[in-house]
Amino acid sequence: MYRDIADYALSTPGWLHTLAEVGTDAGLFIFMALFGLCWWRARRADARDLAIAIAGPAGIVGAYIVSEILKLLIKEDRPCRGGVATIAPCPPPTDWSFPSNHAVIAAGAAGTLILAWRALAWVVLPLAAVMAFSRVFVGVHYPHDVAVGFLLGLVLAPLFALLLVGAVTPVVRLARNRLSPG
């Protein structure tokens, strides 16, 4: 399946190659902007709602750390090292393939944004899926790297964020009490 996708990707127009390479990182900026909107929206909401919005990025970091640990334990070579022509340059030999960190981060951002603002699901889930798939399309990951990375991000980031909410909520209440005119 990887070779079929990589071969097909090479037959697509150059603008699509650029979009696929740049799009994954550009999508992260879209997620950052959505987190900003989420925080802005929650600033006057219940303290727990704001705490969820604040804890979301920390949940993504937690999921990323888990994926990095898995990469170091599993040490799967990148598919692009097998002599396959790809759109993107192959990362260095010590940059392992499984799981895809880009997929973890994209799905983690989608999952934590949905936790904080459910109405965004129709935007963030497809965006995360396209961002994750682009890693196979440009040739730097196998499909299973992306699928597992996506599942890790979608499950672990919201879980870690929820685990932090109990600690963040009292801090939000305290900050509001100290900053409110009085």
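Residues numbered from 1 in each chain as written. Predicted model: local features only at pLDDT ≥ 70, side-chain atom pairs only at ≥ 80, totals over all residues. Heavy atoms only, no water.

Draft legend 1. Representation of the overall build of the protein chain in the model. Per the secondary structure count, the protein chain includes six helices and zero strands. Seen in sequence order, the protein chain has helices and strands lined up from the N terminus as α-α-α-α-α-α. Its C-alpha atoms give the protein chain principal-axis dimensions of about 65 × 35 × 20 Å. Burial status across the protein chain gives 43% buried among its 182 residues. In the protein chain, once contacts between residues fewer than 6 apart in sequence are set aside, the share between residues at least 24 apart is 78%. A total accessible area of about 9,500 Å² is found for the protein chain, and carbon and sulfur atoms account for 70% of it. Once the 14 positive and 11 negative side-chain charges of the protein chain are each reduced to a mean point, those two points are 15 Å apart. (Helix = DSSP H or I, 4+ residues; strand = E, 2+ residues; numbered from the N terminus. Buried < 20%, exposed > 50% of the residue type's maximum accessible area, 1.4 Å probe, protein only. Contact = heavy atoms within 4.5 Å. Areas by Shrake-Rupley, 256 points an atom, 1.4 Å probe, with all protein chains shown as cover. Lys, Arg positive; Asp, Glu negative; His and termini not counted. Charge placed at Lys NZ, Arg CZ, Asp CG, Glu CD.)

Draft legend 2. Examining helix H2 (residues 14–42) more closely. Helix length check: H2, at 29 residues, gives a terminal C-alpha distance of 41 Å against a target of 42 Å (1.5 Å per residue), a fit within 8%. Of all the bends in H2, the greatest, near 45°, is centred on glycine 23. Buried residues belonging to H2 abut helix H1 (2–10), helix H3 (47–74), helix H4 (101–116), helix H5 (121–137) and helix H6 (143–179). (Expected span 1.5 Å × (residues − 1). Bend = angle between axes of the 7 residues up to and from the residue.)

Draft legend 3. Focus on the packing of aromatic side chains. For the structure shown, the criterion picks out three aromatic pairs. With a centroid separation of 6.2 Å and 50° between ring planes, the pair formed by phenylalanine 133 and phenylalanine 137 is classed as tilted. You can see phenylalanine 133 and its partner phenylalanine 137 sitting in helix H5, four residues apart, about one turn around the helix. Taking relative accessible area as the criterion, phenylalanine 133 reaches 41% and is therefore assigned partly exposed. (Phe/Tyr/Trp six-rings, centres within 6.5 Å; stacked < 30°, edge-to-face > 60°.)

Draft legend 4. Seen up close, the packing of H1 against H5. Direction vectors running N to C along H1 and H5 enclose 90°, while the axes themselves pass 9 Å from each other. Regarding the angle of H1 to H5, the classification is roughly perpendicular. Along its contact with H1, which presents Tyr2, Ile5, Tyr8 and Ala9, the element H5 presents Phe133, Val136 and Phe137. Of the residues belonging to the contact of H1 with H5, the class tally is seven nonpolar, no polar and no charged. (Axes fitted to C-alpha atoms, helices over the stretch in contact; angles between N-to-C directions. Parallel < 35°, antiparallel > 145°, perpendicular 65-115°, else oblique. Nonpolar A, V, L, I, M, F, W, Y, C, P; charged D, E, K, R; others polar.)

Draft legend 5. Spatial organisation of H4. With 16 residues, H4 ought to run about 22 Å at 1.5 Å a step, and its terminal C-alpha atoms sit 22 Å apart, in line with that. Taking burial as the measure, the 16 residues of H4 include twelve buried ones, the bulk of the element. Along its buried surface, H4 packs onto H2, H3, H5 and H6.

Draft legend 6. Structural detail: a nonpolar patch on the surface. The grouping of Val61, Tyr64, Ile65, Ile69, Leu73 and Ile74 at the surface amounts to a nonpolar patch, some 560 Å² of accessible area in total. Within the secondary structure, tyrosine 64 is located in helix H3. Owing to a relative accessible area of 32%, tyrosine 64 belongs among the partly exposed residues under this scheme. (Patch = residues over 30% accessible without salt bridge, like charges linked within 9 Å, V, L, I, M, F, W, Y side chains within 5 Å. Salt bridge = Lys/Arg side-chain N within 4 Å of Asp/Glu carboxyl O.)

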